[in-house]
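A structural walkthrough
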Amino acid sequence: MRDYIDAAAFKEMILCADAALHANIQTINDLNVFPVPDGDTGTNMGLTINNAAVELRKKSFDTVASAADCVAGAMLRGARGNSGVILSLLFRGIARRLKGTETAGAEEFAGAMNDGVEAAYKAVMKPAEGTILTVSRLASAAAVKAAKGGADLEGMLVEAIRGGEEALEDTVNQNPVLKKAGVIDAGGKGYMVILTAILASLRGEVSSEAAAPVRTYKEESVFVEGKVDVPKINIFDTVYVVRKKKPDVDLEPLRRYLGSIGDSLVISDDDEIFKVHVHTDIPGSALSESQKYGALDIAKIENMQLQALDQLAGQKAKSTDDLEAVDEELTAMESASAVAGEEEEGVAEPEKDFGVVAVCAGKGMEALFLELGADRVVTGGQTMNPSTDDILKAVNRTPASTVFVFPNNKNIIMAAEQCIPLTEKHVIVMPTKTVPQGVSAMLNFSPDESEESLVGAMGEAIGSVHTAMVTYAARDSDFDGHSIHAGEYLALLDGSLIGSYVDTNMVFGELSNAVEQFSPEFITVYYGEDVNEAEAESAAETIRESFPDAEVSVVNGGQPVYYYMISVE
């Protein structure tokens, strides 16, 4: 039984929590009640804590304070989505309380948990109960009470988990949306998975040496009776080289895909080729996806599990050396790439007063924002929330003293706001919740105006835009009186569900009826990557028939997930 947590124990706790959260990602994601495809709470929390795990594995620590600082800093930069940002804030508060301490006993750690909750609540403008905030608050309150009552570390964490689990079960009654769906809060569930893994690590029931974090986000839950079983290692060490279709091919979508099916991912490239190293259970899928970006040149796939068994049996592990020459050739390139990356992460000297960073997905959308005057575009949006660090790098590379950031998604606003204290530049996050709002704000961006005038003009433009969207149902659902089946078209207006339909004619008829209340003068139809121009023009014609006096235009946005994003002004 431990009386205190030292640096090694704290590091092990977080590594085990990372593994446990990844084993439960799909279970957490499935608690998202709204049927549209989105970034998903489990995925965002998993990517956030994994950023800390990656940094922890690189270092050793002398004090619990230094380990906690490493975790807090890595989570802050790696935070994705609102749930990821809140998780990072919980650990930032823990690090602040533990500052200067070598070890932490029950009272110190309980107090640190409580400080984390206070940090999270302060950062959220309108804290909502029945969320991860509620669960973490009641868990920390139980921890503090137990510690003050003389409980040791294990007893304190047991009480924290008991209080947190009770709070989690009650979230279904505190949040009207959860109550209708009959489910508990996804973020709260994720927090409890982490807390339970921390206790299991303290007890010695799990070990980070036994398993590495899984990146296949389809694992069944192994969260049973308050214990966490760490997931298995991805089996195949997969290394291959692809000759690019074109020098400037964008590898970011491939990076995200490979990160979702494996771990230990490294991609290095030059103008002609790119090399991938990834541990995955489905190497064929990795190769197939990569061939969309060029021609497969050479590959090496080794079964790490069989290699380990061979070594245990005293046999020489089977291996292939086909990529040895390529490895030597690319080592210098990888080093140069790392140096270049460090240089790129520097802060650009101001060449003007104001600059803009916009978040969006789709080649058409990216080109549009750049054409309208954005300095940098961060790839991201629904299902692919960028991290705070992704946005921060774009801010730092913008050659302006003041940088406006357009998140263009309500689940990215908090991550963007975390950039403010991390850069010497003056950052203003405009609260754009949709891409059409961001476009309208850009149309009102006049760099010769004052900051106050710009904020006012762009804010007014954002408020004048209504956004209709057409996507698909990611799952069967009974939501807000609508019986929804996976694969149906979903129509939304300003985030609210209009209905689900089996054909697009019904979709645009209903959307036209819904937006009639706004008496629109300008309507822009941005069509996505799964829609061709003829289909988009047909949809626009349906809208023109409903609003003959409005100016209706069609733009190829190329965005994923949403077949159509429609700006109504």
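Shown above is the structure to which this text applies.
What you see is a predicted model; the values in this text were computed from it and never measured.

The rules behind the values
Residues numbered from 1 in each chain as written. Predicted model: local features only at pLDDT ≥ 70, side-chain atom pairs only at ≥ 80, totals over all residues. Heavy atoms only, no water. Phe/Tyr/Trp six-rings, centres within 6.5 Å; stacked < 30°, edge-to-face > 60°. Helix = DSSP H or I, 4+ residues; strand = E, 2+ residues; numbered from the N terminus. Buried < 20%, exposed > 50% of the residue type's maximum accessible area, 1.4 Å probe, protein only. Salt bridge = Lys/Arg side-chain N within 4 Å of Asp/Glu carboxyl O. Expected span 1.5 Å × (residues − 1). Axes fitted to C-alpha atoms, helices over the stretch in contact; angles between N-to-C directions. Left-handed = near helix turned anticlockwise from the far one by under 90°. Contact = heavy atoms within 4.5 Å. Pairing = 2+ DSSP bridges. Core = buried A, V, L, I, M, F, W, Y, C linked by side-chain atoms within 4.5 Å.

Here's the deal with the packing of aromatic side chains
With the rule as written, the count across this model stands at five aromatic pairs. The interplanar angle of 70° and the centroid separation of 6.2 Å between the aromatic rings of Phe404 and Phe445 together place this pair among those described as edge-to-face. You can see Phe404 sitting in strand E9 (residues 400-406) and its partner Phe445 sitting in the loop between helix H18 (435-443) and helix H19 (451-463), a full 41 residues away along the chain. Among the residues examined, Phe404 registers a relative accessible area of 0% and is labelled buried. Put simply, the rings of Phe354, Phe404 and Phe445 touch in pairs and so form one group of aromatic residues.

With respect to the pattern of salt bridges
Counted by the stated rule, this structure contains 18 salt bridges. A salt bridge links Glu252 to Arg256; the nearest nitrogen and oxygen atoms lie 3.7 Å apart. With Glu252 and Arg256 both in helix H11 (residues 252-261) and four residues apart, this pair spans about one turn of that helix. The class for Arg256 is partly exposed, based on a relative accessible area of 24%. With a closest N to O distance of 3.9 Å, Glu537 and Arg544 form a salt bridge. For Glu537, a relative accessible area of 34% gives the class partly exposed. Linked by salt bridges that have partners in common, Glu55, Lys58 and Lys59 make up one network.

Brief notes about helix H4 (residues 64-78)
Residues spaced three or four apart along an α-helix face the same direction, because each turn holds 3.6 residues. The end-to-end C-alpha distance of H4, which contains 15 residues, comes to 21 Å, matching closely the 21 Å that a straight helix rising 1.5 Å per residue would cover. For H4, a buried count of 11 out of 15 residues is recorded, marking the element as mostly surrounded by other parts of the structure. Every buried residue belonging to H4 is among Val64, Ala65, Ala67, Ala68, Cys70, Val71, Ala72, Ala74, Met75, Leu76 and Gly78, and all of these are buried.

Things to note about the packing of helix H1 (residues 7-23) against helix H3 (residues 41-58)
The contact between H1 and H3 brings their axes to 9 Å, and the two run at 145°. The element H1 and its partner H3 pack so that their crossing is left-handed. Residues Lys11, Ile14, Leu15, Ala17, Asp18, Leu21 and His22 of H1 form the contact with H3, whose own contacting residues are Met45, Gly46, Leu47, Ile49, Asn50, Ala53, Leu56 and Arg57.

Considering the pairing of strand E15 (residues 496-501)
With five bridges joining them, strand E14 (residues 489-493) and E15 adopt antiparallel strand pairing. Paired with Leu490 across the bridge in E15 is Ser500. Turn length for the E14-E15 hairpin, with the two strands adjacent in sequence and antiparallel, is two residues, and the turn residue Asp494 shows positive phi of about 50°.

Some points on the nonpolar core
Ranked by size, the top nonpolar core spans 72 residues in total, and within it Phe10, Met156, Tyr191 and Leu195 carry the most contacts. With 10 residues, the top contributor of residues to this core is helix H10 (residues 186-203). Beyond its immediate stretch of four places on either side in the chain, Met156 contacts Ala106, Phe109, Ala110, Met113, Ala143, Ala146, Ala147 and Ala151. Within the second largest apolar cluster, 30 residues are counted, among which are Leu368, Phe404, Met458 and Ile462.

Description of unusual backbone geometry
If you check the backbone angles, Asn408 has positive phi at about 60° while not being a glycine. With respect to the element layout, Asn408 can be found in the loop between E9 and helix H17 (413-417). Here the phi dihedral of Ser519 falls at roughly 45°; this positive angle occurs in a residue that is not glycine. Its location among the elements puts Ser519 in the loop between helix H20 (504-515) and strand E16 (522-527).

Section: the sheet that holds E9
Pairing in this open sheet of four strands is parallel, and the strands run E8-E7-E9-E10 from one edge to the other. Taken across any chain shown, the strands that pair with only one partner, and hence form the sheet edges, are strand E8 (376-379) and strand E10 (426-429). Averaged over all pairs of adjacent strands, the angle between their axes in this sheet comes to 20°, without regard to strand direction. As defined by bridge partners, strand E7 (residues 352-360) adjoins E9 across six bridges and the pair is classed as parallel. Paired with Ala358 across the bridge in E9 is Phe406.

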